[in-house]
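Examining the three-dimensional arrangement
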Amino acid sequence: MASQVVNPQGAALQQDSALQHHFEKAEQQKDASTIGMWVFLVTEVMFFGGMFLAYFVYRQWYPAAFAAASNNTSLWIGATNTTVLICSSLTMALAVHFASLGKQKLIVLFLLLTLLLGSVFLGVKGYEYYDKWVKHEVPGHNFDCRDEAGKPCEDAAHTPLFFALYFGMTGLHATHMIVGAGIILVLIWKASKGAYGPAWYTPVELFGLYWHFVDIVWIFLFPLLYLIDRSGAPK
Amino acid sequence: MASHAADTDTSKHSHHGGEHHIVPKRIYFAVFFALIVLTWVTTFVSRVDLGRWNIFVALAIAICKASLVVLFFMHIWYSSKLTKMIISCAVFWLILLLFITMTDIWTRNLMGVPGR
Amino acid sequence: MITATLPEKPKKNYLNQTEGLKSWLLTHDHKRIGILYLMGVTFFFFLGGLFAVLIRLELATPAGDLVESNTYNKFFTMHGIIMVFLFLIPSIPAVLGNFLIPLMIGAKDVAFPRLNLLSWYVYMVGGLFVLTVLFFGGVDTGWTFYTPFSTSYSNGYVIASGLGIFIAGFSSILTGLNFIVTIHRMRAPGLTWFRLPLFVWAHYATSMIQVLGTPIIAVTLFLLVLERGLHIGFFDPAYGGDPVLFQHMFWFYSHPAVYIMILPSMGVVTEIITTFSSKKPFGYTFIAFSSVAIAVFGFIVWGHHLFVSGQSVYAGMVFSILSYVVAIPSAIKVFNWTATMYKGSVRLTTPMLYAMGFIGLFTIGGLTGLFLASLGMNVHLTDTYFVIAHFHYVMVGGAIMGFLGGIHYWWPKIFGKMYNEGWSKLSAVIVFIGFNLTFFPQFLLGYMGMPRRYHAYPPEFQVLNVLSSAGASILGVGYLIPFCYLLWSLKYGPDAPPNPWGAATLEWQTASPPPTENFPVTPVVTQDAYTYTTEEVVHVG
C-alpha cells in the first residue's frame, strides 16, 4: 500500500516508535501487542461476566420485578443509543482502516467522529441516569419504583436488584467509554502530527479492539436491560 | 556453551493469519448495515409476545451482532489461530461461570425440602 | 550438555549496569523487577507471619485470654489476606517467573517490560491499602469476606480491604498477561513448545488462571463494596439477595487461585528434581499437559467450598466428583518426580531437600483435600482445623517450600553469589520439622471437632494446640535463618560460576548474574530442555 505520509516529521515519529529493543522484528512486536490486547479483553469479558451472572440469577428468581423495572427504561432511547454506539464502531473501524493506509486527514476525521458519537452516547446515558434519579429509581436513595400509571411496580421489593445491576453494569460500561474517550483524544493529537501510517498504526488498531469490545458489551446490555417483557401481554 | 549450533530455525517467524490484510470498506459498511437492522429487529420483536422465547430470541440476535463485530470490525475472520483460540477461551470460560453456577440455582429446590 | 569454559566473568551485569534508586524504580529490566517483587513479598511474608505468631500465642491456652474475640478475628483475617493476596499469589511468578522466563526462553525481556514495572507499582499500591487498613484497626471478616457479616455487620474496614485486594489483583492479571504473550511470541529460534523447560509450562498454566479468574474476584469485591455502601441486596436475603451467590463468585476465583499458588511451585520442583538427579524429567509431556489440565479443571470444582452452604445437593455431587478428578493431574506429577529420581544420580543439596520435602508434604495436603471433597466427610470436617491443616500442608508445605527451594536454587544465578550450604541445609530441616509439628496436630484437632477461627477451645484440645504453637516457633526460626545467611552471602559469599549445579536449561548458559540483555548473542536451540549424560554430571564442592 502506498504510504501517504505527508509530514516528514510524521515519518520520523513512525520510525522512532517502531522497534523496541527486546523484540527482534517489527512484525513480532505488532503481533505480541495485538495478542496482549486480546488477552486483556479476555479479562474484561470475565469482569463484566460476573455481573451478568448476578443478573441471570436474580432475573431467574424475580421475573416480575425485572420485567416491571425494565419497562421503566425508555425503549426508544435505548434503541437509539445502541444505534449511536454502532455508528461509532463503524467510524472507529474506518479510522483504523485509514490509519493502515496512512490517510492522515481521514484518520483524524474518523477518530473525531468516534469521539463525538461516543460522547452523544454518554450524554444520553447521563440524561437517563438523571431521569432515574428524579423518578426515585436509584437504590439506596429514596427508592420508590412506580410504573407509568403511578402504581407501585409489581414485586417492587425486588426491583432495587434490577436497578442496582442496571447502574452497576451500565456504569461500568460508561466508565470504560470515558477512559476510551480519553485515549481517543491522545490518538487524535498524535494522528494530527502524522504519527500513524502503514509502517506503524498499532495503537489505533489496538484501541479499535477495545472500542469494539465496549460496543459488544452494550450489544448484550441493551436486550437484557431494556427489552424484558415489552409486549405488555398479560401473564 | 553449548548446545546451540548456528541453526536458523523459524519458531519466531511462524505465519500469523493475515495480520496485515486490509479489509475493504464495503465489508465494514455491510456489517454496519446488518448491525443496525438487527438492532431494530430486536427492538420490535421485543414488543411481540413470544412467551418464554423472547429472551432466547433477543440473546440470539445479540450473539449474531456480537459475532459480526468480533469477526469483521475486530478482524478475527482474518486473524491467526492463536487469536481465535484466545477469544474462544473467553467465551467458553464465561459460559462455564454462568452455566455451572446456574446449575446450583436451578436444582436447589428439586427435593422439595426448604433450602435444598 | 557440554560446559565450555567461559571467558572471565564480565564486569557489567544487570545489578551494576546502572546505579541509583531511580535506575531501579524506573527499570524496565525483568530481572530488576523480579528483585523489587522479592523485596515486597518478603516484607509481606514476615508481616503475615507476625499474625501467625499472634494466633498461635493465643491458641497456646484454651481460654481466650490474650486478646478478645474481635481482635482475634482481625488476626486471622489479616494473616489470610496478607499471606494469600500479597505473598503467595505473587511470590513465585512475580519473583522467579519474572526473572527466569525470558532467560529460559532465550529472550531479552518479557513482551511488555513497562507493563511489568506497572504491575509492581500496582502491587505495592494494593499492599499499601492493606497496610493502611491494618494501621486503622484492621478487618475481621476472614479473608473470605462472607456476606452478610462483611456487608452488614462487620465493624472493620471492609471496603478499603476489598479495594486493596482489587488493586493487587490487577498486578496479578498484568503478570499473567505478560507471561502468556512472552511465552507465545518471544521464544528463541528453535525453541518449540515441547523444548520449553517445565517451569515455563507451569507458569503458562498459572498465567491462564490469573487472566481468566482474577477478574471475577475483582467484580465480586466491586459488588461487595456496592452492597456494603448502598445496601442493595445482591447478597442480602432481606432485599431478595443470596449470600450463597457471593460464595459462588468468591470461590470461582479463589479456588483456581490456589492453583496459581501451587503450579509455579510445582514448576520449581520439577527443575530442581531434574537437575539434582542429573536425569531428564520422567514423562515430560505428562508433566506439561498435567499443568494445563490442573489450570483448566481447577475452574470447575469451586463448589466444594460450598457443600454446607445451602448449595444444591445435586450440584454438590457434581463438584465432589470433579474435585476427585482434579487430583489426578497432581498425582501424575508426584509419580513423575519420583520416577525422575529413581536411578538418577541424586545430590542432596538444599534445593533438593526443599523439593523432596515438597513432594511428601504436598502429597499429604493433596490427599487430605480428597477427604474434604467427599460430601459426607465434608459435613463433619468443614470449618474445623482439618481444613486449616489441609491447606497449610499444600500452601506452606507445598508452595512455600517450593518458593524457598527455588530461591536457593537460583540464588547463584540471580545474585552471583553462593550461600553457606551448611546453614541452608540446617534451615531446610528445621523448616520441615517445625512445619510438621505445627500442622500435623491440626489434622487431629479438626477431626476431633475443634472449629477454626475460634480464639478459645475446650481444654482437652490444649496438648495438641501447644504442640502446634511450639512447632510454629521452630518454623519461624527456620524461616528467619535463611533471611540471615542469604543476605550475608550477598556481601561475603563466594562468587558463583555460571552453572554451579550442572543444570541444563538456558538460564544457566549465561553469566551469574546475567548481563542486562541476558545473552550476548541470541541463543539458537536445537535440542530438548534437559539433556544430561552421566559423564557430564557436575559436582559442586
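Note that the structure is predicted; figures quoted are calculated from it, not measured. (Residues numbered from 1 in each chain as written. Chains lettered and ligands numbered in written order. Predicted model: local features only at pLDDT ≥ 70, side-chain atom pairs only at ≥ 80, totals over all residues.)

1. Quick word on the overall build of chain A
For chain A, the count of helices and strands is 7 helices and 0 strands. Of the regular secondary structure in chain A, the N- to C-terminal order runs α-α-α-α-α-α-α. In terms of overall dimensions, chain A has C-alpha extents of about 65 × 30 × 30 Å along its principal axes. Taking all 235 residues of chain A together, 49% fall into the buried category. Put simply, 81% of the contacts in chain A that link residues at least 6 apart link residues at least 24 apart. (Helix = DSSP H or I, 4+ residues; strand = E, 2+ residues; numbered from the N terminus. Buried ≥ 20, exposed ≤ 12 C-beta atoms within 10 Å, placed from the backbone. Contact = placed C-beta atoms within 7 Å.)

2. Structural notes on the overall build of chain B
Along chain B, the regular secondary structure elements total 3 helices and 0 strands. Seen in sequence order, chain B has helices and strands lined up from the N terminus as α-α-α. Of all 116 residues assigned to chain B, the portion counted as buried reaches 28%. Summarising the internal contacts of chain B: among those between residues at least 6 apart in sequence, 56% fall at separations of at least 24.

3. Brief notes about the interface of chain C and chain A
Opposite the 32 residues of chain C that make contact, chain A presents 27 residues. Residue assignment for the side of chain C that touches chain A shows that the elements contributing at least two residues are helix H6 (158–185), helix H7 (198–230) and helix H8 (243–277) of chain C. In terms of residue count, the dominant contributor to the side of chain C that touches chain A is H7 of chain C (10 residues). Each residue belonging to the side of chain C that touches chain A can be placed in one class, and the counts come to 22 nonpolar, 6 polar and 4 charged. (Nonpolar A, V, L, I, M, F, W, Y, C, P; charged D, E, K, R; others polar.)

4. Focus on the interface of chain A and chain B
Taken together, the contacts link 39 residues of chain A with 40 residues of chain B. Counting only elements with at least two residues in the side of chain A that touches chain B, the list comes to helix H2 (26–61), helix H4 (75–101) and helix H7 (202–226) of chain A. When residues in the side of chain A that touches chain B are grouped by element, the largest group, 15 residues, is from H2 of chain A. Per-class residue counts for the side of chain A that touches chain B are 24 nonpolar, 10 polar and 5 charged.

5. Quick word on the confidence of the model for chain A
With 91% of its residues at a pLDDT of at least 70, chain A reaches an overall mean of 89. Low pLDDT, under 50, characterises residues 1–16 of chain A; the predicted model gives this stretch 30 contacts beyond four residues in sequence or across chains. (pLDDT = per-residue confidence, 0-100.)

6. What to know about the environment of Val269 of chain C
Residue and element names in this part refer to chain C. Turning to its location among the elements, Val269 is positioned in helix H8. Judged by the 31 C-beta atoms lying within 10 Å of it, Val269 is buried. When sequence neighbours within four positions are dropped, the list of residues in contact with Val269 reads Trp337, Ala355, Phe358, Gly402 and Gly405.

7. Regarding the environment of Leu225 of chain A
Residues and elements named next belong to chain A. By the secondary structure assignment, Leu225 is in helix H7. For the pair formed by Leu225 and Ala95, sequence separation is 130 residues and the distance between their alpha carbons is 30 Å. Excluding residues within four positions of it along the chain, Leu225 makes contact with Ser70, Thr73 and Tyr166.

8. Some remarks on the packing of helix H14 (residues 421–448) of chain C against helix H15 (residues 462–492) of chain C
All names here are of chain C. At their nearest, the axes of H14 and H15 sit 7 Å apart, and the two run at 155° to each other. Regarding the angle of H14 to H15, the classification is roughly antiparallel. Considering the relative orientation of H14 and H15, their crossing is left-handed. Per-class residue counts for the contact of H14 with H15 are 20 nonpolar, 9 polar and no charged. (Axes fitted to C-alpha atoms, helices over the stretch in contact; angles between N-to-C directions. Parallel < 35°, antiparallel > 145°, perpendicular 65-115°, else oblique. Left-handed = near helix turned anticlockwise from the far one by under 90°.)

9. Concerning H8 of chain C
All names here are of chain C. With 35 residues, H8 ought to run about 51 Å at 1.5 Å a step, and its terminal C-alpha atoms sit 50 Å apart, in line with that. If you look at H8, its biggest bend is around 35°, right at Trp251. Counting buried positions along H8 gives 34 out of 35 residues, so the element sits mostly inside the fold. (Expected span 1.5 Å × (residues − 1). Bend = angle between axes of the 7 residues up to and from the residue.)

10. Quick look at the environment of Gly365 of chain C
Residues and elements named next belong to chain C. Within the secondary structure layout, Gly365 lies in helix H11 (residues 350–373). Given 24 C-beta atoms within a 10 Å radius, Gly365 is considered buried. Considering only alpha carbons, one finds Gly365 and Ala389, 24 residues apart in sequence, at a separation of 7.8 Å. When near neighbours in sequence (up to four residues on either side) are disregarded, Gly365 contacts His390, Tyr393, Val394, Gly397 and Gly398.

11. Thoughts on unusual backbone geometry
A negative phi angle characterises most non-glycine residues, just as the trans form characterises most peptide bonds. Of the consecutive residues Thr147 of chain C and Pro148 of chain C, the connecting peptide bond is found in the cis state with omega at -5°. Topologically, Pro148 of chain C is positioned in the loop between helix H4 (113–136) and helix H5 (149–153). The residue after Ser512 of chain C, namely Pro513 of chain C, is reached through a cis peptide bond having omega -10°. Take Pro513 of chain C: it is sitting in the segment after H15. Phi angles above zero are rare outside glycine, and His136 of chain A is one such case at about 60°. Turning to its location among the elements, His136 of chain A is positioned in the loop between helix H5 (104–134) and helix H6 (159–192). Judged by the 12 C-beta atoms lying within 10 Å of it, His136 of chain A is exposed.

12. Some details on the packing of H8 of chain C against helix H13 (residues 385–415) of chain C
Residues and elements named next belong to chain C. Between H8 and H13, whose axes approach to 8 Å, the crossing angle comes to 45°. By the angle class used here, H8 and H13 are oblique. The hand of the H8/H13 crossing is left-handed. Between H8 and H13, the contacting residues are Met261, Ile262, Ser265, Val268, Val269 and Ile272 on the first element and Val394, Met395, Gly398, Ala399, Gly402, Phe403, Gly405, Gly406 and Tyr409 on the second. Split into classes, the residues belonging to the contact of H8 with H13 amount to 10 nonpolar, 5 polar and no charged.

13. As for H13 of chain C
Residue and element names in this part refer to chain C. Where H13 bends most, the angle comes to about 45°, and this point is Tyr409, followed within four residues by the proline Pro412. Across the 31 residues that make up H13, a large majority, 29, are buried. Count one or two residues on from H13 and you reach Gly416, which has phi positive near 70°.

14. Brief notes about the nonpolar core
Formed by 272 residues in total, the largest nonpolar core has its most connected members in Val42, Ala54 and Ala95 of chain A together with Ile105 of chain C. In terms of residue count, helix H3 (residues 69–104) of chain C provides more of this core than any other element does, 22 residues in total. Of the domains in this structure, domain 1 (23–74) and domain 2 (80–108) of chain B are the two that each give at least three residues to this core. Apart from the residues within four sequence positions on either side, Ala95 of chain A is in contact with Ile107, Phe110, Leu111, Thr114 and Val204 of chain A. (Core = buried A, V, L, I, M, F, W, Y, C linked by C-beta atoms within 7 Å. Domains from an automatic or database assignment.)

15. As for the confidence of the model for chain B
Do not read the fine detail of predicted coordinates wherever pLDDT is low. Residue and element names in this part refer to chain B. In the predicted model, chain B carries a mean pLDDT of 82, and the fraction of residues at 70 or more is 78%. Across residues 1–18, confidence stays below pLDDT 50; counting only partners more than four residues off in sequence or on other chains, it has 39 contacts. Confidence metrics for the complex model read pTM 0.92 and ipTM 0.92.

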